[in-house]
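Examination of the molecular architecture
Here is what each chain is made of, one letter per residue.
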Amino acid sequence: MTLEAKLGHYRISKAEFEKIKVVLGREPEGLEWALFSALWSEHCSYKSSKIHLKKLYNQSDRVLESFGENAGVIDLGEGERVAFKMESHNHPSFIEPYQGAATGVGGILRDIFTMGARPIALANYLCFGQVKAPRMDYLVNGVVKGIGGYGNCVGVPTITGQTNFDPSYDENILVNALAVGLFRPGENIFTSVAKGPGNLVVYVGAKTGRDGVHGASMASESFDDDSESKKPTVQIGDPFFEKCLIESCLEVMKEDLVVAIQDMGAAGLTSSSFEMASKGGVGLRLDLDKVPVRDSEITAEEIMLSESQERMLLICEPSRLKRIEEVFAKWGLDAVCVGEVLEDRVVKITHEGETLVEIDPDLLTESAPQYDRPYKDWSSPRKSETLPAIDVRLEQAALGPLATVHGNSREFIYQQYDQRVGAQTIKDCQFPVGVVRLPDSDRRLGLVLGCRPHLMRMDAYLGGQDSVIYPTLQLAAYGFKALALTDCLNFGNPEKPELMTELVAALGGMNQFCERFDVPIISGNVSLYNETKDRNVTSTPSTGLVGLRDIEAPIPAAQFQAANRKVLLLQQTQVHTTGAWCDLGLARSAFTGSLDADGLFGLQEALIEANEQQLISSSRVVGRFGLAYNLARMCLGGMGMSSVASSFPSEFWVSERLYEVIVEVDPSQVQALQSLCQSKQVTALEIGMTGGDQLNLESSSIKIDQLLNSYQAGVGESFGLA
Amino acid sequence: MKKIGVLRFLGTNCDRDIWQAIEMVHGQPEWLWYQDQFDPNDYAGFVVPGGFSYGDYLRSGALAARTPVMKSLQEAAAKGKPILGICNGFQILCEAHLLPGALVQNEGRRFVDKWLDVQVSTENKYFGGADKSFHLPIAHQDGRFVADNVDDLKSKGQVWVTYQHNPNGSFDDIAGVQNESGNVAGLMPHPERAMAEWMGGSDGLSFFEGMVS
């Protein structure tokens, strides 16, 4: 093979080849090519984003583990801690939607139970193209089935999600999966730091096959017309195996038999072994002849690069091996000693009696390239002095979006997910926030996803801020204090300065709010090169936030509950936007103003205190399509409302303003709520009264039945799902 | 406290939920591992929990039905001990021929998770109490009950609960059946997920209370 061909095969650039020569003091040989290809890929090394990720806020006292480990962990008090993380599986899901999405769920679960936490909740953030785009019904159906097929079988409830549709995802969908795991009081946190020369390296779980070879480097490339030919790089999952792996791993950790543990995710055995050794400042000897394989013809390179699913690598003291083997055997799984920890910082790989590689692990991990790719300061091109008109009548503003793919019910998706296995679910996917019960303290843990692509298309900085603040307010509206955040930075080609500029702007916006709200960013991943034939996806920094509710009273509803109650709008209005109307072609994308963290902090406090004082019976943060549409959503439970006699300008009902929250309040509590809001510099504007079976806004009135019909029809039929 | 045996197979995933439910009605749960046998006399009753035993390979419940623990469960059934199978547990009891009929893929060929209403068709003396209807969640892919002889089952009082709105194409809206003597019963809905108001309802309580009282 010529050098050019070799570089192409291993997806290594000419410049990086030169750097490898400097690092090694010679050209790479044999298996080293594959190791550099995997570990220096964008997917494993974060080489384009690392210098920006280092700036992220993660210093809060409640953070127990963050970047560098398989998942972040935060302290909830009372002995309870949670691990959580979100990860993308965009490229594989576009190639093969069922397996791509399924193994995305499997992979993120392993990141969680690797830490010693039992997975208690799943969520997924999905972006699809237009309904009519080629293969889109196949992709939607396949992804949803894949997520359900895996999550339902392993027995972890999917409690929330978000699904967006936009043409920018026509040829590069986004599939981000989030998992949360719980450490109950007394349970230990485990890490991936290899320790103790003479300790054993143990391979557990499924056998290694040829699936997923070169998966990490594939995920670091743009798509072309040839995505079909990349199918062999997609992994195949087996959730039954994973379920047995969860139980056996948690059992050996409970018996304290494990020194360190890491799952074999991207770049499989390569990344797990090198990263564990590098973190521990030790070496490892790996004997590939001992690795359980599915196919006797498999090569050493394939063993090292395989992304076969449901496998873990653990380190134990020699005396523990027998008991570990027993526990895994009980669950029908293999546990095989494949090497040992070495004092010298060298990873030594042998196969068929031959030493294939002897290399300092830091050369592949710590010495990986880092790029400060060119970008510019953010200039907010769509910011304007006045807001352009939105071309929609009041009745259509309430009803219209319900019948579109942007505002429709997502029931056809979440009905395919088991939302209640585990028997701790309090609020399922129907609710704006997923909620599970913490069994030892009887407190409530909330989970919500953020990032609204329509705002990212408007302004990357504002959209980044919104990815933090909107979900934080959603949590607060139901009495939850946001505690920490994970993210998936789905962006296009970082080698294009305009894309890198968006990445830096969005991260800047996110970080500013994370710091002010003390919501540390504790985990996540970066998915770049989400482009096909030079067309980039909307920059989409999806987020997942957990929050805690320490209040015994019932959680407010998301729909109006009873007649003759006041409907108030709590306002900290700082930015006016034309919002999602742009997606329908009814407005020009523009906004006025800028966000002020202190004011919004007051709104968060007001909402949580209103929950503590039990002042509100239902609430909803006004989201996409503005007030009229969001009031329509609140009527879908069957209880209507009528606006007060005073007349608001038409823009009041339709523009998207950041931020406002609708609340339903018993008349006897209005004064208490108003004085609470006043103390937090939040405006509490009375806009209506509940009652009847219609939504009456000024002179327009719509029957709730009609709202429901629109809300429930449409999307499922479009995707052959109804 | 009455001791209730909870069966665990590889892939069972509602086992801890059943444990919680039995504790909520003040029973004493105990694990029964699929490779082990047990003395039926040591227990007041048994629950076969839901999940995906053996990944639903071959057919849902088929592999679990042929494990050592089921030999003891057969004995327990013959001795008249109350046995409740839920979801995959129901599928296992059918595969073990402790219950009539079979559960096949939903008519819509998709997994369905939702709350719905079921009614008691013929009362069971152990499970479900005297209530005539229950609000319970379902979550299954293979929940469509089929049998050659539904009229026969009806006349023998073996049709236990039925759906108000059939979610999966089950024959005669059947959601749960019982054996002729009523000590073995299975249903697709999950009563262990409806044990308290915070779960969304507490209609599931009576499915466990009978066994421990």
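No experiment lies behind these values; they were computed from the predicted model shown.

Thresholds, definitions, all that
Residues numbered from 1 in each chain as written. Chains lettered and ligands numbered in written order. Predicted model: local features only at pLDDT ≥ 70, side-chain atom pairs only at ≥ 80, totals over all residues. Heavy atoms only, no water. Helix = DSSP H or I, 4+ residues; strand = E, 2+ residues; numbered from the N terminus. Buried < 20%, exposed > 50% of the residue type's maximum accessible area, 1.4 Å probe, protein only. Contact = heavy atoms within 4.5 Å. Areas by Shrake-Rupley, 256 points an atom, 1.4 Å probe, with all protein chains shown as cover. Lys, Arg positive; Asp, Glu negative; His and termini not counted. Charge placed at Lys NZ, Arg CZ, Asp CG, Glu CD. Rg over C-alpha atoms; globule rule 2.2 N^0.38 Å. Arc of directions from axis to C-beta. pLDDT = per-residue confidence, 0-100. Phe/Tyr/Trp six-rings, centres within 6.5 Å; stacked < 30°, edge-to-face > 60°. Pairing = 2+ DSSP bridges. Buried area = accessible area lost by both parts, 1.4 Å probe. Salt bridge = Lys/Arg side-chain N within 4 Å of Asp/Glu carboxyl O. Polar contact = N/O pair within 3.5 Å; in protein donor to acceptor, adjacent residues only side chain to side chain. Nonpolar A, V, L, I, M, F, W, Y, C, P; charged D, E, K, R; others polar. Axes fitted to C-alpha atoms, helices over the stretch in contact; angles between N-to-C directions. Patch = residues over 30% accessible without salt bridge, like charges linked within 9 Å, V, L, I, M, F, W, Y side chains within 5 Å. Core = buried A, V, L, I, M, F, W, Y, C linked by side-chain atoms within 4.5 Å. Left-handed = near helix turned anticlockwise from the far one by under 90°. Disulfide = S-S within 2.5 Å.

1. Describing the overall build of chain B
- Secondary structure assignment for chain B yields 5 helices and 11 strands.
- By residue count, 63% of the 213 residues in chain B fall in the buried class.
- Within chain B, counting contacts between residues at least 6 apart in sequence, those at least 24 apart form 73% of the total.
- Carbon and sulfur atoms make up 45% of the accessible area of chain B, which totals about 7,800 Å².
- Here chain B holds 18 positive side-chain charges and 26 negative ones, and the gap between their average locations is 4 Å.

2. Examining the overall build of chain A
- Secondary structure summary: chain A contains 25 helices and 29 strands in total.
- For a compact globule of 722 residues, the expected C-alpha radius of gyration is about 27 Å, and chain A comes in at 26 Å, within 12% of that figure.
- The C-alpha extent of chain A, read off along each of the three principal axes, is 85 × 50 × 45 Å.
- Within chain A, one finds 65 positive and 94 negative side-chain charges whose respective centroids are separated by 2 Å.

3. Here we look at helix α24 (residues 704–712) of chain A
Residue and element names in this part refer to chain A.
- If you check which residues of α24 are buried, you get Ile 704, Leu 707, Ser 710 and Tyr 711. Around the axis of α24, the buried residues are gathered within 125° of arc, so they sit on the same side. Turned more than 90 degrees away from the buried face of α24, the exposed residues are Asp 705, Asn 709 and Gln 712.
- Looking at the buried residues of α24, the elements they touch are α15 (394–399), α21 (626–635), β28 (694–697) and β29 (700–703).

4. Quick word on the confidence of the model for chain B
- Taken over all residues, the pLDDT of chain B has a mean of 96, while the share at 70 or more is 100%.
- For this predicted complex, the interface score ipTM comes out at 0.97, alongside a pTM of 0.95.

5. As for the packing of aromatic side chains
Residue and element names in this part refer to chain A.
- For the structure on display, the rule yields 26 aromatic pairs over all chains.
- Considering the side-chain rings of Phe 128 and Phe 165, the 5.9 Å spacing of their centres and the 35° angle between planes classify their relative orientation as tilted. You can see Phe 128 sitting in strand β4 (residues 118–128) and its partner Phe 165 sitting in strand β5 (residues 158–165), a full 37 residues away along the chain.
- Take Phe 128: its relative accessible area is 0%, and that puts it in the buried class.

6. Concerning the pairing of strand β27 (residues 683–690) of chain A
All names here are of chain A.
- Looking at chain direction, strand β22 (residues 566–577) and β27 are connected through 6 bridges and run antiparallel. The residue of β27 that forms the bridge with Gln 571 is Thr 683.
- Note that strand β25 (residues 641–643) and β27 share 3 bridges and pair antiparallel. Within β27, the residue paired with Ser 643 across the bridge is Gly 688.

7. Comments concerning the interface of chain A and chain B
- Each partner contributes residues to the interface: chain A has 29 residues there, and chain B has 27 residues.
- For chain A, the biggest contributors to the area lost against chain B are Phe 240, Gln 415 and Arg 420 of chain A; these three give 25% of the whole.
- Counting across the interface, chain A meets chain B through 2 salt bridges.
- Linking chain A to chain B there are 13 residue pairs in polar contact (both at pLDDT 80 or more).
- Secondary-structure elements contributing two or more residues to the side of chain A that touches chain B are α8 (136–154), α10 (239–254) and β14 (425–427) of chain A.
- Ranked by the residues each element gives to the side of chain A that touches chain B, the list is headed by α8 of chain A, at 5 residues.
- Among the residues forming the side of chain A that touches chain B, the class breakdown is 10 nonpolar, 10 polar and 9 charged.

8. Some remarks on the sheet that holds strand β8 (residues 260–263) of chain A
Residue and element names in this part refer to chain A.
- In space, the 7 strands of this open sheet follow the order β8-β10-β7-β11-β9-β12-β13, with mixed pairing throughout. At either margin of the open sheet sits one strand with a lone partner, and together these are β8 and β13 (354–359). When strand polarity is set aside, the average angle formed by the axes of neighbouring strands in this sheet is 20°.
- Relative to strand β10 (residues 311–316), strand β7 (residues 200–205) is paired through 6 bridges, and the arrangement is antiparallel. Residue pairing for β10: Val 202 is matched across the bridge by Leu 314.

9. Section: a nonpolar patch on the surface
All names here are of chain B.
- Among the surface-exposed residues, Tyr 57, Leu 58 and Leu 63 lie close enough to one another that they form a single nonpolar patch of about 310 Å² accessible area.
- You can see Tyr 57 is positioned in the loop between β3 (45–48) and α2 (68–78).
- Judged by its relative accessible area of 39%, Tyr 57 falls in the partly exposed class.

10. Structural notes on the side chain of Asp 466 of chain A
All names here are of chain A.
- Locating Asp 466 in the fold gives a position in helix α18 (residues 460–477).
- Classification of Asp 466 as buried rests on a relative accessible area of 0%.
- Not counting the four nearest positions on each side in its chain, Asp 466 is found in contact with Arg 452, Leu 455, Pro 471, Leu 658 and Tyr 659.

11. Section: the environment of Ser 679 of chain A
All names here are of chain A.
- Within the secondary structure layout, Ser 679 lies in helix α23 (residues 670–679).
- For Ser 679, a relative accessible area of 49% puts it in the partly exposed group.
- A C-alpha to C-alpha distance of 35 Å links Ser 679 and Gly 407, two positions 272 residues apart in sequence.

12. What to know about the nonpolar core
- Ranked by internal contacts, the top residues of the largest apolar core, which has 234 residues, are Leu 570 and Leu 673 of chain A together with Phe 208 of chain B.
- Apart from the residues within four sequence positions on either side, Phe 208 of chain B is in contact with Ile 18, Ala 21, Ile 22, Val 25, Val 47, Leu 84, Ile 86, Pro 191, Glu 192 and Met 195 of chain B.
- Judged by nonpolar contacts, the second largest core, of 47 residues, contains Tyr 10, Leu 24, Ala 38 and Leu 284 of chain A.

13. Some remarks on the pattern of salt bridges
Residue and element names in this part refer to chain A.
- With the rule as written, the count across this model stands at 51 salt bridges over all chains.
- Note that Arg 210 is salt-bridged to Glu 302, the shortest N-O span being 3.0 Å. Here Glu 302 lies in helix α12 (residues 300–305) and Arg 210 lies in the loop between β7 and α9 (215–218), a separation of 92 residues in the sequence.
- Sharing partners across several salt bridges, the network here consists of Glu 255, Lys 322, Arg 323 and Glu 326.

14. Thoughts on the packing of helix α7 (residues 97–113) of chain A against α8 of chain A
Residues and elements named next belong to chain A.
- In contact at an axis separation of 7 Å, α7 and α8 are set at 35° when each is read in the N-to-C sense. Relative to α8, α7 is oriented so that their crossing is right-handed. Residue-level contacts link Pro 97, Tyr 98, Ala 101, Ala 102, Val 105, Gly 106, Leu 109 and Arg 110 of α7 to Tyr 138, Leu 139, Gly 142, Val 143, Lys 145, Gly 146, Ile 147, Gly 149, Tyr 150, Gly 151 and Val 154 of α8.

15. Let's talk about the sheet that holds strand β16 (residues 443–450) of chain A
Residues and elements named next belong to chain A.
- Ordered in space as β14-β15-β16-β21-β17-β18, the 6 strands form an open sheet in which the pairing is mixed. The outermost strands of the open sheet, each flanked by one partner alone, are β14 and β18 (521–527). Mean inter-strand twist for the sheet, computed between neighbouring axes without regard to direction, equals 25°.
- Relative to strand β15 (residues 434–438), β14 is paired through 2 bridges, and the arrangement is antiparallel. Counted as the bridge partner of Lys 427 is Val 435 from β15.

16. Regarding helix α3 (residues 88–95) of chain B
Residue and element names in this part refer to chain B.
- For α3, a buried count of 8 out of 8 residues is recorded, marking the element as mostly surrounded by other parts of the structure.
- Those residues of α3 that sit buried are Asn 88, Gly 89, Phe 90, Gln 91, Ile 92, Leu 93, Cys 94 and Glu 95.
- Downstream of α3 by a residue or two, His 97 has a phi angle that is positive, lying close to 60°.

17. Quick word on the state of the cysteines
- Under the criterion given, the structure shown has 0 disulfides over all chains.
- For Cys 337 of chain A, which is in no disulfide, the shortest distance to another cysteine sulfur is to Cys 316 of chain A and amounts to 7.3 Å.

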